[in-house]
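If you want the building blocks of each chain, they are given just below.
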Amino acid sequence: MASPVDFYQALGVARNVTPSDLQAAYRKLARAYHPDVNKDPEAESRFKDISEAYDVLSNPETRRKYDAFGADFRRVPDGVDPETWARSNRGESNRPGDPRRSTHQSASQDFDFEDLFGGMFGGRQRSGRGQVLGANQEAEIVLTVEEAYHGGRKSLSFSGPGGPRTFDVNVPAGVTTGKKIRLAGQGAQGAGGGAPGDLFLIVRLAPHSRYRLDGNDITVQLPLTPWEAALGTTVAIDTPGGETKVRVKEGTSSGTRLRLKGRGMPSKRTGPGDLYAEVRIMLPKSLNDDERRLFEELAATSSFTARGTP
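Residues numbered from 1 in each chain as written. Predicted model: local features only at pLDDT ≥ 70, side-chain atom pairs only at ≥ 80, totals over all residues. Heavy atoms only, no water.

Once that is clear, we can look at the packing of helix H2 (residues 19–33) against helix H3 (residues 43–57). Packing of H2 against H3 brings their axes to within 9 Å, and their N-to-C directions diverge by 160°. If you check the angle between H2 and H3, you find them roughly antiparallel. Regarding H2 and H3, the two cross each other, and that crossing is left-handed. Facing Leu22, Gln23, Tyr26, Leu29, Ala30 and Tyr33 of H2, the residues of H3 in contact are Ala43, Arg46, Phe47, Ile50, Ser51, Tyr54 and Leu57. (Axes fitted to C-alpha atoms, helices over the stretch in contact; angles between N-to-C directions. Helix = DSSP H or I, 4+ residues; strand = E, 2+ residues; numbered from the N terminus. Parallel < 35°, antiparallel > 145°, perpendicular 65-115°, else oblique. Left-handed = near helix turned anticlockwise from the far one by under 90°. Contact = heavy atoms within 4.5 Å.)

Written as structure tokens, this is what we have:
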């Protein structure tokens, strides 16, 4: 089994990184490894690691928990002391004279977590005499950008040990890759009358032909003719939230990013992201006689050069 990804290493930052530097590191890596722009077979996996790391570390509460418990942070109940947790993972019992007190074997092999924490831990938990709670399970849910933007009900088929099951899932608006949706009581069945575990759906956004995501920001290509870029214009563009218009200033160059504030992915925690229209100046593949004449006149009369002062 592969070792858990260290979230700080995934983003290439120190453990005392500031929120602004964390965001800058994430945006740089997300642009480099986004599957829409990086066709390396490993890019998608790397992008998922980067997104998950940023999702955890950008939230102060989950970052504190990750700093305290490392890769185990998701299965540690609230209120557990980090040192107590560390002792349990070293195989040390709190009971005097217990032969396990000083062992260094894996807790999953020899340590009785229920001794120390009263059966609070995920996986298979005891809920009463003879009852064992069902284990939590995970499955992937693939969404389009539009589905993630709007949220709402989505039907999902999931094949598990008990056979195929179908759920109507309430997708929160603005979910991004790496986010988790919890379906309470839809995990593995318990034993002896114990309650079932939960099912966690891990979100993955499918690559899109028009939209590129960077956190909650969305980038869309904006093709322009040379005269639109030179003279300025107002252009209608499609966004996940519907059609909107963007104003192009006179003399806009290819590669310019026009920002539409608050038109990116919605987020209750941080507020909506922005939408960026990235200008691409397009030329006709062939010119008719009138077009060629006009371009030749422009070339003869214009003093502009794209390569600096002659």
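For the rest of this paragraph, the subject is the pairing of strand E10 (residues 233–239). Here E10 runs beside strand E11 (residues 242–248); their pairing, made up of seven bridges, is antiparallel. Bridge pairing in E11 places Thr234 opposite Arg247. Counting the residues in the hairpin turn of E10 and E11 gives two residues. (Pairing = 2+ DSSP bridges.)

Looking now at the sheet that holds strand E9 (residues 217–224). Read from one edge of the open sheet, four strands run E8-E9-E13-E12, paired in mixed fashion. Unpaired on one side and paired on the other, strand E8 (211–214) and strand E12 (257–260) mark the two borders of the sheet. For this sheet the average axis-to-axis angle between neighbouring strands, irrespective of direction, equals 30°. Two strands pair when backbone bridges link them, and E12 and strand E13 (residues 275–281) are joined in this way by four bridges, in the antiparallel orientation. Bridging from a neighbouring strand, Leu260 pairs with Leu275 of E13.

Right, let's get into the side chain of Thr177. With respect to the helices, strands and loops of the structure, Thr177 is situated in the loop between strand E5 (163–171) and strand E6 (180–183). Given a relative accessible area of 11%, Thr177 falls into the buried group. Here Leu205 takes part through its backbone nitrogen, which lies 3.1 Å from a polar atom of the side chain of Thr177. Not counting the four nearest positions on each side in its chain, Thr177 is found in contact with Lys48, Ser51, Val203, Arg204 and Leu205. (Buried < 20%, exposed > 50% of the residue type's maximum accessible area, 1.4 Å probe, protein only. Polar contact = N/O pair within 3.5 Å; in protein donor to acceptor, adjacent residues only side chain to side chain.)

Once that is clear, we can look at the pattern of salt bridges. In a structure, side chains of opposite charge can pair up when their charged atoms sit close to one another. If you walk through the whole model with that rule in mind, you get 17 salt bridges. A salt bridge links Asp6 to Arg15; its shortest N-O distance comes to 3.5 Å. Overall, the relative accessible area of 45% leaves Arg15 in the partly exposed class. Arg293 is the partner of Glu297 in a salt bridge, and the nearest nitrogen-oxygen pair spans 3.2 Å. Placement of both Glu297 and Arg293 in helix H10 (residues 289–301) is noted, with a separation of four residues, approximately one turn of the helix. Through salt bridges with shared partners, a single network forms among Glu44, Lys48, Glu140 and Arg204. (Salt bridge = Lys/Arg side-chain N within 4 Å of Asp/Glu carboxyl O.)

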